[in-house]
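Here are the chains, one letter per residue:
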Amino acid sequence: MSGDNLSLPRFVEAAAAFIAEGASYPPLATTTTSIDATPRLASARIAFSRRLKVLVPDAEAAVLAEVARAVSALIEQGCITGTGTAAEPLGLLNLPARLTQSFAAATPTSAELAQMLEKLGDAKVDLSKVCYLLHPSTAADLMQTEVSASSGELVLTYREGAYRIHGRPVYISTNVT
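Computed from a predicted model, the values in this text were never measured in an experiment.

Peer 1: What exactly am I supposed to notice about a nonpolar patch on the surface here?
Peer 2: The grouping of Leu90, Leu92, Leu95, Leu133 and Tyr171 at the surface amounts to a nonpolar patch, some 450 Å² of accessible area in total. Following the sequence through the fold, Leu92 ends up in the loop between α2 (59-81) and α3 (110-122). With a relative accessible area of 49%, Leu92 lands in the partly exposed category.

Next comes the structure, spelled out in structure tokens:
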């Protein structure tokens, strides 16, 4: 850690090879670099009188719940659509090297969503850690869209306590455009 920034290690894919029994393994040429991350602060404030706190016993709990909701919404917005300027984090939708997938219509098909997973797999992303992030309108459309015509199986389903597409978890946010 230098100053206020965090330095996180990043490794280039390690080399691996088979070697004969008793043979020595050649030295690794693994490259290690770092990524600098600048911490950000999200805060909210609500002013209320001491009199309100005395007259309404649950007022403090309600105020704390509203502050927590506001900070949570701000963090979600920053993580998804943040610009990376003016103390705002850089959000997922503004990353410079993101993979993209085009859709033929406003609502993606099951095949197009599967192609997204294929692109990630080809980029050597661990698919067990992948999830979908959808706008509520898209999620509602996918809850009514069949995987294939007359299959009866919907693209977006609720299983194992979570919304899922192709077995992967789905998160829904109004911050996704």
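Peer 1: Looking at this structure, how should I read the side chain of Arg164?
Peer 2: Within the secondary structure layout, Arg164 lies in strand β5 (residues 162-165). Reaching out from Arg164, the side chain makes a polar contact with the backbone oxygen of Arg159 at a distance of 3.3 Å.

Peer 1: Honestly, the nonpolar core in this entry has me stumped. Any pointers?
Peer 2: Note that soluble globular proteins tend to have their nonpolar side chains buried in a common cluster. In terms of nonpolar packing, the biggest core is built from 11 residues, these being Leu113, Leu117, Val130, Tyr132, Leu134, Ala139, Leu142, Val155, Leu156, Ile165 and Val170. Put simply, the parts of the chain that give this core at least two residues each are α3, β3 (132-134) and α4 (136-142). The contact partners of Val155, leaving out residues within four places of it in the chain, are Ser110, Leu113, Leu142, Thr145, Glu146, Val147, Arg164 and Ile165.

Peer 1: I tried to follow the pattern of salt bridges on my own but got confused; where do I start?
Peer 2: When charged atoms on two side chains of opposite charge get close, those side chains can pair. Evaluation of the coordinates by the stated rule reveals 4 salt bridges. A salt bridge links Lys129 to Asp126; the shortest N-O distance between them is 3.6 Å. In this structure, the salt-bridge partner of Arg164 is Glu160, at a minimum N-O distance of 3.6 Å.

Peer 1: Any chance you could explain the pairing of strand β6 (residues 168-172) here in plain terms?
Peer 2: Sheet topology note: the β3/β6 ladder contains 3 bridges and is parallel. Within the sheet, the bridge partner assigned to Leu133 lies in β6 and is Tyr171. Relative to β6, β5 runs antiparallel, the two being bridged by 2 bridges. Looking across to β6, one finds that Ile165 is bridged to Arg168. As consecutive antiparallel partners, β5 and β6 are separated by 2 residues, and within that stretch His166 has a phi angle of approximately 50 degrees, a positive value.

Peer 1: How should α2 be read in this particular structure?
Peer 2: Side chains of residues three or four places apart in an α-helix project in the same direction, reflecting 3.6 residues per turn. Spanning 23 residues, α2 covers 33 Å between terminal C-alpha atoms, matching the ideal 33 Å at 1.5 Å per step. Taken as a whole, α2 has its buried residues at Ala59, Val63, Val71, Gly78 and Ile80. Buried residues in α2 make contact with α1 (50-55) and β3.

What counts and what doesn't
Residues numbered from 1 in each chain as written. Predicted model: local features only at pLDDT ≥ 70, side-chain atom pairs only at ≥ 80, totals over all residues. Heavy atoms only, no water. Patch = residues over 30% accessible without salt bridge, like charges linked within 9 Å, V, L, I, M, F, W, Y side chains within 5 Å. Areas by Shrake-Rupley, 256 points an atom, 1.4 Å probe, with all protein chains shown as cover. Salt bridge = Lys/Arg side-chain N within 4 Å of Asp/Glu carboxyl O. Helix = DSSP H or I, 4+ residues; strand = E, 2+ residues; numbered from the N terminus. Buried < 20%, exposed > 50% of the residue type's maximum accessible area, 1.4 Å probe, protein only. Polar contact = N/O pair within 3.5 Å; in protein donor to acceptor, adjacent residues only side chain to side chain. Core = buried A, V, L, I, M, F, W, Y, C linked by side-chain atoms within 4.5 Å. Contact = heavy atoms within 4.5 Å. Pairing = 2+ DSSP bridges. Expected span 1.5 Å × (residues − 1).

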